[in-house]
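Secondary and tertiary structure notes
Given next are the chains, with one letter for each unit.
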Amino acid sequence: MTALRALRHETGAPDLMVLLPGAHMQPEDYVEAGCFDAVARRGLALDLVAVDLGRQAVSGSVPRAALQTQILGPARQRYRRVWLGGISLGGLLALAHAADTPGAVDGLCLLAPYPGSRLTTHAIERAGGVDAWQPTPAQLADPEFRVWHWLKRPPAGLPVFAGYGTEDRFAGGMRQLTERFPPAARCAIPGGHDWPVWQQLWAHFLDLGHFSA
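Right, let's walk through the structure included here. (Residues numbered from 1 in each chain as written. Predicted model: local features only at pLDDT ≥ 70, side-chain atom pairs only at ≥ 80, totals over all residues. Heavy atoms only, no water.)

Notes on the packing of helix α2 (residues 35-42) against helix α9 (residues 195-206)
Two packed helices can be described by the angle between their axes and the distance between those axes. Axis separation between α2 and α9 bottoms out at 10 Å; the angle between their running directions is 30°. Between α2 and α9, the angle is such that the two are roughly parallel. Viewed along their axes, α2 and α9 form a crossing whose handedness is right-handed. Where α2 abuts α9, its residues C35, A38, V39 and R42 lie against W195, W202, A203 and L206. Of the residues in the contact of α2 with α9, the class split is seven nonpolar, no polar and one charged. (Axes fitted to C-alpha atoms, helices over the stretch in contact; angles between N-to-C directions. Helix = DSSP H or I, 4+ residues; strand = E, 2+ residues; numbered from the N terminus. Parallel < 35°, antiparallel > 145°, perpendicular 65-115°, else oblique. Left-handed = near helix turned anticlockwise from the far one by under 90°. Contact = heavy atoms within 4.5 Å. Nonpolar A, V, L, I, M, F, W, Y, C, P; charged D, E, K, R; others polar.)

Brief notes about the packing of aromatic side chains
Throughout the structure, instances matching the rule amount to nine aromatic pairs. Between the aromatic rings of W83 and F205, the centroid separation amounts to 5.4 Å while the plane-to-plane angle is 55°, which identifies the pairing as tilted. Highlighted residues: W83 in strand β4 (residues 81-87) and F205 in helix α9, separated in sequence by 122 residues. Residue W83 shares its accessibility class with F205, and that shared class is buried. Between W195 and W198 the ring centres are 5.2 Å apart and the planes differ by 75°, which places this aromatic pair in the edge-to-face class. Taken together, the residues W195 and W198, both in helix α9 and three residues apart, mark about one turn of the helix. Under the relative-accessibility criterion, W195 is labelled partly exposed at 22%. Here W198 falls in the buried class, since its relative accessible area comes to 6%. Linked through ring pairs, W83, F161, W202, F205 and F211 together constitute an aromatic cluster. (Phe/Tyr/Trp six-rings, centres within 6.5 Å; stacked < 30°, edge-to-face > 60°. Buried < 20%, exposed > 50% of the residue type's maximum accessible area, 1.4 Å probe, protein only.)

A word on the sheet that holds strand β6 (residues 160-165)
Strand pairing within a sheet occurs via backbone hydrogen bonds; the two strands may be parallel or antiparallel. Pairing within the open sheet is mixed, and its seven strands lie in the order β1-β3-β2-β4-β5-β6-β7. Strands at the two margins of the open sheet, each flanked by one partner only, are β1 (5-9) and β7 (186-189). In this sheet, neighbouring strand axes are inclined to one another by 15° on average, regardless of whether the strands run parallel or antiparallel. When strand β2 (residues 15-20) meets β4, the two strands line up parallel, connected through six bridges. (Pairing = 2+ DSSP bridges.)

Any functional reading would require information that these geometric values do not contain.
Set out below in structure tokens:
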């Protein structure tokens, strides 16, 4: 199994946030957008690692298996809490990992989480929505459908932050996705599918007080 490429900011903090990039993004994008600096400026007790899962992360199980064995599993031995987060496709991958690996993480930070392909979301809509939809065995073989199956009843005690821009081109699906979580976990702000929105959402998440020194 190939070693995953990761960028780390470690200060010996008790908690860790593992960040997954979106499509056509690299771990370096988190650094260039100031996400690491935002944690340092606030003096938060939080270490960071941004991980590149590669292009096959959605359709293949190998990259997410590597995420568990190389990143998340070892981190659970070192840290008090391990959160998993991501932007867009990275948010979907974070959800997919939580759905397929119960207990792997202690919290989720979902920034404009991609709700899945139209084939997935339209199939659920035709069934009458998430609560009415009963997945077929074939659908449960697909990671996108497994995410929505997990969203039927997310773990009640799992801390989640889920935010998006109200003018995002995927806003309709994101709204349905985030509504599966309690109101206090959601955040919708003006803007589209871009870094200015994601930076604001990241700042809002950091200011919630999860990682105060």
